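Here is how the chains run, residue by residue.
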Amino acid sequence: MNPFSSGTRLRDMIRAIRACKTAAEERAVVRKECADIRALINEDDPHDRHRNLAKLMFIHMLGYPTHFGQMECLKLIASPGFPEKRIGYLGLMLLLDERQEVLMLVTNSLKQDLNHSNQYVVGLALCALGNICSAEMARDLAPEVERLIQFRDPNIRKKAALCSTRIVRKVPDLAENFVNAAASLLKEKHHGVLITGVQLCYELCLINDEALEYFRKKCTEGVIKTLRDITNSAYQPEYDVAGITDPFLHIRLLRLLRVIGQGDADASDLMTDILAQVATKTESNKNAGNAVLYECVETIMAIEDTSSLRVLAINILGRFLSNRDNNIRYVALNMLMKAITFDDQAVQRHRVTVLECVKDPDASIRKRALELVTLLVNENNVTQLTKELIDYLEISDEDFKEDLSAKICFIVEKFSPEKLWYIDQMLKVLCEAGKFVKDDVWHALIVVISNASELHGYTVRALYRAVLTYSEQETLVRVAVWCIGEYGDLLVNNVGMIGSEDPITVTESDAVDVIEDAITRHNSDSTTKAMALVALLKLSSRFPSISERIKDIIVKQKGSLLLEMQQRAIEYNSIVDRHKNIRSSLVERMPVLDEATFNVRRAGSFPASASTVAKPSVSLPNGFEKPAVAPLLDLLDLDSDDILAAPSSSGADYLQDLLGVDLGSSSSQFGATQAPKAGTDLLLDILSIGTPSPAQNSISSIDLLSTADVNSNPSNALDTLSSPVPPHTATTASTGMFDLLDGLSPSPSKEATNGPAYPSIVAYESSSLKIEFTFSKPPGNPQTTNVQATFINLSPNTFTDFIFQAAVPKFLQLHLDPASSNTLPVSGNGAITQNLSVTNSQHGKKSLVMRMRIGYKLNGKDVLEEGQVSNFPCGL
Amino acid sequence: MIRFILLQNRQGKTRLAKYYVPLEESEKHKVEYEVHRLVVNGDAKFTNFVEFRTHKVIYRRYAGLFFSVCVDITDNELAYLESIHLFVEILDHFFSNVCELDLVFNFHKVYLILDEFILAGELQETSKRAIIERMSELEKLE
């Protein structure tokens, strides 16, 4: 025995560590062990390497750094004995990952082991390769793995199949090599090999279109037959789970069928029988059965339409919804959201159950149900649904109130049948959850109120009543203060009573009380106070009899510590005192803000109710996925419950942002006396507003539907938004577009004027990336422009996985060719070019405008940049 | 595809951590901490799925241990719930009424079992018997 050996066996070390009472003790023990191990590594003693690595792995699991052990792994892997190799590979997988260069050193050992005579060693190598190989290793060792797919031992075959899965994920180009081998695996009888073979085929279909075609033509029937056999098979104790033989295999086969059938009507036809069989005969009292049914439903909904199957699927989901198990209900709610896109009616039948789920104690179910309810709302059921939701709002938890109120506001704005109802509902929401209501929502409310001139009296009275009871809801107070200021005379004189109102006596003094209360209350914030002061000014003109009292209140604010208040107080006081003649004209009724214009200006909305693409989300680099209502795909990880700016009935369109950032509304056109609101808007704008280019008459709406795919994969259908986007012509000159990054090329002015040779432009420039567009027109087609985009890397590091995406408004059509490469070397050493062609259906009337998104990897981190190109030369 | 599998006890100690995607050490610790926070607060009556960053975590509690599996958004949650259960059954069979201490002192064996069950983030074998047999064959070689 080596006199310097640490002496402790693995068990002893673990015991010692567990016996430590404090973290400091543990650190001491670990440090000692590490020191011993390091000493032994230096001695290069082969005897205890095995044990040392095991100890190192344990220490690593506790969270301590163990880099010094990496070379030990390599030495162990290179040893001839099986136990050493085994622990060596295990250590390798635990202590290293594909990004470390040390891994390259293992490639040779791996190659030898893949060809080893002992099949257990081959298994070890495949396992390690499958778990952590990098792209280079994958390329080097792919032929070996391919060969091993046909090995005689099934254990090796299945490991080789999964290893190949990883290889094709890392290096998609190699996919073609594996197609034949994968197809042969589909005929296996051994479940393990079969399941891994199916998985490999599935990956290949996702990555490579030709593979998909091949499998579709040759293997569809085989797969269907296998599924049929497995469904009908007798009881097999080895694979049975809750009465179903190998549910995992069922699920894998169903997935493969899904990807084969999607987009292809013939293949879908072939599968209908087996899908119907699985859907009807699978028992659903246990989780395993439900898992299979779930997968079956997903497949049915993804493949081409056979309506009877779809009805079956939705019925299954309906059954799931009433299941007591929360997991099942969650899954059902998810799927129903996808189902809405093609069969709204069927899902409507389950509306009541879904509404119940909104009130469920479990937070994830509530969230899902709420999103689903939002999708289910239409003109017929909106009043009913809103009533239920508002009733629930009163009793819901605080953290859920925010989501709930946001959704209610959204629904109300979008579907309100009449203004009175809209105002009523919004009032209720403000009373219950005012502090969660976002600014653009109550701005919109005010716009609607001001437009509904016949309801002014009713509104102001209702607000007055509400604010007496719910004065702690900030937003409510603000809206009330504004309305009382505007329509105070209607309030006091009970003007414009509508049938259902009770008469209420409000004196001028009472009205001023409310406003004074808003100013003096300690938890009013500065915006509310400022608004209240303006309201007082208005009232001093409308209520001349208590002008003195109002003047006193204003004078008191002259000493306010808030600069804004002080300034206003002084100014308003001077108006009241010395400029009585112009006062009344100053505070005349606000001009009614045109709803259409307002909605156009209301930027920063996004498709909250977009349909999800049922296809599994592989990151096909240039396929654009709609952010689902579920906030899962939102790249910026923003809460999806922001408010959607509703198109008003005048058919105005709204700006849709690629990323769904709520940019807040630009209020540059609000009236001068609406200073408080403009102030808050500018304060709340998260991102600086780019200079709206007055010279441009381009449309301010960009349609997500025109996003181009580079791989125009036919199965990647661009679903339409379920909220109709009516075509519109915005006549506003100011576009209100926002530059998401300050580095965008600052001059919106166009370069040279219309010349036959269109000058090239710098489309986008940031500190790390520059994009130039050069233009040419194909002869004979003035509407089309060919653009060559050149991407230049301005940073000192190379970009990899470079992807360019673009979106254009509806009147343009965009086609993107593949880029010249997707690695962008450092500045000067090369550039990527990509051709696009744009067809302008409004050629001559509107110029081009485009939104871009560029994604790349820099030093291993993903970077995303967005920008907008508004400086296209005119005449394109 | 499975992104990672975690076995944690109620105090947050990681008993097994297998990653099928590359992550820095510090990121791994952060992930383990966050996942632990998510699963430890989940009530038994609530769903076994939580959204985690842009993926989802499917978890189940067995005695004092939380088995968490992080998968892609599009994966079938119920299926992974079944696979967690299968894994627990395999461990139970292998260690004869497994308890947490077994997993601590034999962690390397647990990894080896896991490697026979899942490879490259996908299920490798669905038969408990086959995996146990394979493990005994491999033990004989040690």
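Residues numbered from 1 in each chain as written. Chains lettered and ligands numbered in written order. Predicted model: local features only at pLDDT ≥ 70, side-chain atom pairs only at ≥ 80, totals over all residues. Heavy atoms only, no water.

## Notes on the overall build of chain B
In terms of regular secondary structure, chain B is built from five helices and seven strands. The helix and strand sequence of chain B, counted from the amino end, reads β-β-α-β-β-β-α-α-α-β-β-α. Burial statistics for chain B: of 142 residues in total, 61% are counted as buried. Long-range pairs, those at least 24 residues apart, make up 46% of the contacts in chain B with a sequence separation of at least 6. As displayed, chain B has an accessible area near 5,300 Å², and 50% of this comes from carbon and sulfur atoms. (Helix = DSSP H or I, 4+ residues; strand = E, 2+ residues; numbered from the N terminus. Buried < 20%, exposed > 50% of the residue type's maximum accessible area, 1.4 Å probe, protein only. Contact = heavy atoms within 4.5 Å. Areas by Shrake-Rupley, 256 points an atom, 1.4 Å probe, with all protein chains shown as cover.)

## Brief notes about the interface of chain B and chain A
At the junction of the two partners, chain B supplies 61 residues and chain A supplies 74 residues. The junction of chain B with chain A conceals about 6,100 Å² of combined surface from both sides, 56% of it contributed by carbon and sulfur atoms. Linking chain B with chain A are nine salt bridges, by the criterion used here. Taking the shortest distance from any N to any O, the salt bridge between Glu125(B) and Lys158(A) comes out at 2.7 Å. Along the contact surface separating chain B from chain A lie 24 residue pairs in polar contact (both at pLDDT 80 or more). Where the side of chain B that touches chain A is concerned, the elements lending two or more residues are strand 2 (14–19), helix 1 (25–40), strand 3 (49–52), helix 2 (77–95), helix 3 (100–105), helix 4 (107–117), strand 7 (122–123) and helix 5 (128–141) of chain B. Looking at the side of chain B that touches chain A element by element, the count peaks at nine residues for helix 5 of chain B. (Buried area = accessible area lost by both parts, 1.4 Å probe. Salt bridge = Lys/Arg side-chain N within 4 Å of Asp/Glu carboxyl O. Polar contact = N/O pair within 3.5 Å; in protein donor to acceptor, adjacent residues only side chain to side chain.)

## Observations regarding the nonpolar core
Residues and elements named next belong to chain A. Within the largest apolar cluster, 268 residues are counted, with the highest numbers of intra-cluster contacts made by Leu92, Leu204, Phe215 and Leu256. Looking at which element gives the most residues to this core, the answer is helix 26 (residues 474–492), with twelve residues. Excluding its chain neighbours within four sequence positions, the residues that come into contact with Leu256 are Leu186, Val198, Cys201, Tyr202, Cys205 and Val223. By size, the runner-up hydrophobic cluster in this structure holds 32 residues, among which are Tyr764, Phe799, Phe811 and Leu836. (Core = buried A, V, L, I, M, F, W, Y, C linked by side-chain atoms within 4.5 Å.)

## What about the packing of helix 3 (residues 49–62) of chain A against helix 4 of chain B?
Where helix 3 of chain A contacts helix 4 of chain B, the axes come no closer than 10 Å and their chain directions differ by 85°. Compared by their axis directions, helix 3 of chain A and helix 4 of chain B come out roughly perpendicular. Mapping the contact onto sequence places Ala54(A), Met57(A), Phe58(A) and Met61(A) in helix 3 of chain A and Phe107(B), His108(B) and Tyr111(B) in helix 4 of chain B. Tallied by class, the residues present in the contact of helix 3 of chain A with helix 4 of chain B amount to six nonpolar, one polar and no charged. (Axes fitted to C-alpha atoms, helices over the stretch in contact; angles between N-to-C directions. Parallel < 35°, antiparallel > 145°, perpendicular 65-115°, else oblique. Nonpolar A, V, L, I, M, F, W, Y, C, P; charged D, E, K, R; others polar.)

## Here we look at the sheet that holds strand 5 (residues 65–71) of chain B
What holds strands together in a sheet is hydrogen bonding between their backbones, with the strands either parallel or antiparallel. Residue and element names in this part refer to chain B. Strand order in the open sheet formed by five strands is 2-1-5-4-3, with antiparallel pairing between adjacent strands. Of all strands in the sheet, those with a lone pairing partner are strand 2 and strand 3, marking the two edges. Between one strand axis and the next, the sheet turns by 20° as a mean value, whatever way the strands run. Note: strand 1 (residues 2–9) against strand 2, five bridges, orientation antiparallel. The residue bridging Leu6 from the neighbouring strand is Ala17, located in strand 2. (Pairing = 2+ DSSP bridges.)

## What to know about the pattern of salt bridges
A complete count under the given rule lists 51 salt bridges over all chains for this structure. Connected through shared salt-bridge partners, Arg255(A), Arg258(A), Glu295(A), Glu298(A), Lys338(A) and Asp75(B) make up one network.

## Observations regarding the packing of aromatic side chains
With the rule as written, the count across this model stands at 20 aromatic pairs over all chains. Between Tyr214(A) and Phe215(A), the aromatic rings sit 5.8 Å apart at their centres with planes inclined by 75°, giving edge-to-face as the arrangement. For Tyr214(A), a relative accessible area of 26% corresponds to the partly exposed category. The exposure class assigned to Phe215(A) is buried, which follows from its relative accessible area of 1%. Pairing Phe67(B) with Phe87(B) gives two aromatic rings, centres 6.4 Å apart and planes at 75°, and the pair type is edge-to-face. Residue Phe67(B) is located in strand 5, and its partner Phe87(B) is located in helix 2; the two are separated by 20 residues in the primary sequence. Assigned by exposure class, Phe67(B) and Phe87(B) land together as buried. An aromatic cluster of three or more residues is present, and its members are Phe791(A), Phe799(A), Phe802(A), Phe804(A) and Tyr856(A). Positioned over the ring face of Phe68(A) is Arg38(A), at 4.8 Å from the centre of the ring. (Phe/Tyr/Trp six-rings, centres within 6.5 Å; stacked < 30°, edge-to-face > 60°. Lys NZ or Arg CZ within 6 Å of the ring centre and 35° of its normal.)

## Overview of helix 25 (residues 456–469) of chain A
Because the α-helix completes a turn every 3.6 residues, residues three or four places apart line up on one side. All names here are of chain A. With 14 residues, helix 25 should cover 20 Å at 1.5 Å per step; its first-to-last C-alpha distance of 20 Å lies within 8% of that length. Counting buried positions along helix 25 gives eleven out of 14 residues, so the element sits mostly inside the fold. Turning to helix 25, the residues buried within the fold contact helix 23 (419–433), helix 24 (439–451), helix 26 and helix 27 (508–520). (Expected span 1.5 Å × (residues − 1).)

## Focus on a negative patch on the surface
On the surface, a cluster of negative charge is contributed by Asp173(A), Glu176(A), Asp209(A) and Glu210(A). Examined against the element boundaries, Asp209(A) turns out to sit in helix 12 (residues 209–232). (Patch = residues over 30% accessible without salt bridge, like charges linked within 9 Å, V, L, I, M, F, W, Y side chains within 5 Å. Lys, Arg positive; Asp, Glu negative; His and termini not counted. Charge placed at Lys NZ, Arg CZ, Asp CG, Glu CD.)

## Quick notes on the confidence of the model for chain A
All names here are of chain A. When pLDDT is averaged across chain A, the result is 75; 81% of the residues are at 70 or more. Mean pLDDT values over the elements of chain A span from 41, in helix 33 (residues 675–684), up to 92, in helix 9 (residues 154–170). Low pLDDT (under 50) marks residues 606–755, which in the prediction has 322 contacts with non-local residues, meaning those over four places away or in another chain. (pLDDT = per-residue confidence, 0-100.)

## Here we look at helix 15 (residues 287–302) of chain A
For helix 15 of chain A, which comprises 16 residues, the first-to-last C-alpha distance of 22 Å matches the rise-based estimate of 22 Å (1.5 Å per residue) to within 8%. Burial of helix 15 of chain A is extensive: 16 of the 16 residues sit out of reach of the surface.

## Examining the side chain of Ser83(B)
Note on placement: Ser83(B) falls in helix 2. Of the polar contacts made by the side chain of Ser83(B), one reaches the backbone oxygen of Tyr80(B); its length is 2.7 Å.

## Side note on the environment of Asn523(A)
The topology assignment puts Asn523(A) in the loop between helix 27 and helix 28 (526–542). What makes Asn523(A) partly exposed here is its relative accessible area of 40%.

## Some details on the pairing of strand 3 of chain B
Two faces belong to every sheet, and in a regular strand the side chains alternate between them. All names here are of chain B. Of the strand pairs in this sheet, strand 3 and strand 4 (residues 55–62) are connected by four bridges, and their pairing is antiparallel. Looking at the pairing, Phe52 lines up with His55 of strand 4. Count of turn residues in the strand 3/strand 4 antiparallel hairpin: two residues, of which Arg53 carries a positive phi of about 50°.

## A short note on the side chain of Thr107(A)
All names here are of chain A. Assignment of secondary structure puts Thr107 in helix 6 (residues 106–114). Note on Thr107: relative accessible area 11%, which makes it buried. When residues no more than four places from it in sequence are discounted, the contact partners of Thr107 are Met137, Asp140 and Leu141.

## Some thoughts on the confidence of the model for chain B
Confidence in the prediction for chain B averages 90 pLDDT; 98% of positions are at 70 or higher. Model confidence for the complex: the whole-complex pTM is 0.65, and ipTM, which rates the interface, is 0.94.

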